[in-house]
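# Report on the structure
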Amino acid sequence: DNTHHFIDQNLKIGISILSKHEIIETNMHFLNNPEIYASQKNGDIWHTHNIGLICITTNIVGVGDIKIICLHLLPFHRFKLDINDGRFLSIWKEIDDVLSIYANDKAIICGDFNQNNPIPLLRNLFDQHRFKNILFNKPTHKNTYFDHIVLSPTFIVLKSQVLDSYKYSDHHPCFAGIGLI
């Protein structure tokens, strides 16, 4: 069944969600590309690419509908720019606004935020809507904590773990056991 598949080679966005539960709905949110170029140590020129997030709705018997959101944000550090650079502030505001759409849902947000602590940049989500960021016990990418799992207030964290593996990615896999409050 291809009902919830979005494959477009021109998007250059590599995020996906696999679920053993039926996917009832899928939404894509594309964010503004700031069109920034930066040269790398090896002489390569990097260009910002399309970024965004995907949200699926799944229904789990006894739990109800759950929104699962996956995102991959710009690698700010690779462009030698501070995350508070004016070109990025509008993107953070846009991300905060889009994620806040799911404030009244049972929601799990996960992905590479390319930021050790996204809380100060997503004030609406964390302050007003009381989402919580799972803190991991060790770095998820080299010596950084760029990967996050963020939960709506309806969930509690039972355990979290970062595995020592680079088998499929340049980031360590992150896991969380969660329950409903």
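One structure accompanies this document, and this report is about it. All values reported here derive from a predicted model rather than from experimental measurement. (Residues numbered from 1 in each chain as written. Predicted model: local features only at pLDDT ≥ 70, side-chain atom pairs only at ≥ 80, totals over all residues. Heavy atoms only, no water.)

### Thoughts on the pairing of strand E6 (residues 107-112)
Our working rule: The buried label goes to any residue with under 20% of its type's maximum accessible area, the exposed label to any with over 50%, and the partly exposed label to all in between, with areas taken from a 1.4 Å probe on protein chains only. What counts as a helix is a DSSP run of H or I of at least four residues, what counts as a strand is a run of E of at least two, and both are numbered from the N terminus. The criterion for strand pairing is that DSSP finds at least two bridges linking the strands in question. The path from the first strand over the helix to the second decides the hand: if it runs clockwise while the strands point away from the viewer, the crossover is right-handed.
The element E6 is extensively covered by neighbouring structure, given that 5 of its 6 residues are classed as buried. In this sheet, E6 lies alongside strand E5 (residues 64-72) in parallel orientation, the contact comprising 6 bridges. Bridge assignment links cysteine 70 to a residue of E6, and that residue is cysteine 110. With respect to chirality, the unit in which E5 leads through helix H1 (residues 86-100) into the neighbouring parallel E6 is right-handed. Sheet topology note: the E6/strand E8 (residues 147-151) ladder contains 5 bridges and is antiparallel. Bridge pairing in E8 links glycine 111 to histidine 148.

### With respect to a positive patch on the surface
Selection criterion: Like charges within 9 Å and nonpolar side chains (Val, Leu, Ile, Met, Phe, Trp, Tyr) within 5 Å are joined into patches, using only residues over 30% in relative accessible area that form no salt bridge. Each accessible area value is a Shrake-Rupley result obtained with a 1.4 Å probe; residue values ignore everything except the protein chains displayed when judging cover. We define a salt bridge as a contact between a side-chain nitrogen of Lys or Arg and a carboxyl oxygen of Asp or Glu at a distance within 4 Å. None of His or the chain ends enter the tally, which takes Lys and Arg as positive and Asp and Glu as negative. Note that the charge is assigned to NZ on lysines, CZ on arginines, CG on aspartates and CD on glutamates.
The grouping of Lys41, Arg78, Lys80 and Lys142 at the surface amounts to a positive patch. With respect to the helices, strands and loops of the structure, lysine 41 is situated in the loop between strand E2 (37-39) and strand E3 (45-47).

### Remarks on the sheet that holds E6
Heads up, the rule is: A contact between two residues is defined here by any heavy atoms of the two lying within 4.5 Å. Fitting a line to C-alpha atoms yields each axis, with helices limited to the stretch in contact; the angle taken between N-to-C directions then spans 0 to 180 degrees.
Here 6 strands make up an open sheet; going across it, the order is E1-E4-E5-E6-E8-E7 and the pairing mixed. Only two strands of the sheet have a single neighbouring strand rather than two, namely strand E1 (23-31) and strand E7 (132-133). Each of E1, strand E4 (51-60), E5 and E6 touches H1; the most contacted strand, E1, lies at about 160° to it.

### Description of H1
What counts, and what does not: One less than the number of residues in a helix, times 1.5 Å, gives the span that helix is expected to have.
For H1, with 15 residues, the first-to-last C-alpha span of 21 Å sits near the 21 Å given by 1.5 Å per residue. All buried positions along H1 are accounted for by Phe88, Ile91, Trp92, Ile95, Asp96, Val98, Leu99 and Ser100. In this structure, the buried side of H1 is in contact with E1, E4, E5, E6 and helix H2 (123-128).

### Examining the pattern of salt bridges
Per the counting criterion, the structure on display carries 4 salt bridges. Notably, a salt bridge pairs glutamate 25 with lysine 67, separated by 3.9 Å at the nearest N-O pair. Highlighted residues: glutamate 25 in strand E1 and lysine 67 in strand E5, separated in sequence by 42 residues. Taking the relative accessible area as the measure of exposure, glutamate 25 reaches 35% and is therefore partly exposed. Where arginine 123 meets aspartate 127, a salt bridge forms, and the shortest distance between an N and an O atom there is 2.6 Å. Here the residue arginine 123 and the residue aspartate 127 both occupy positions in helix H2, the gap between them amounting to 4 residues, near one helical turn. You can call aspartate 127 partly exposed: its relative accessible area is 47%.

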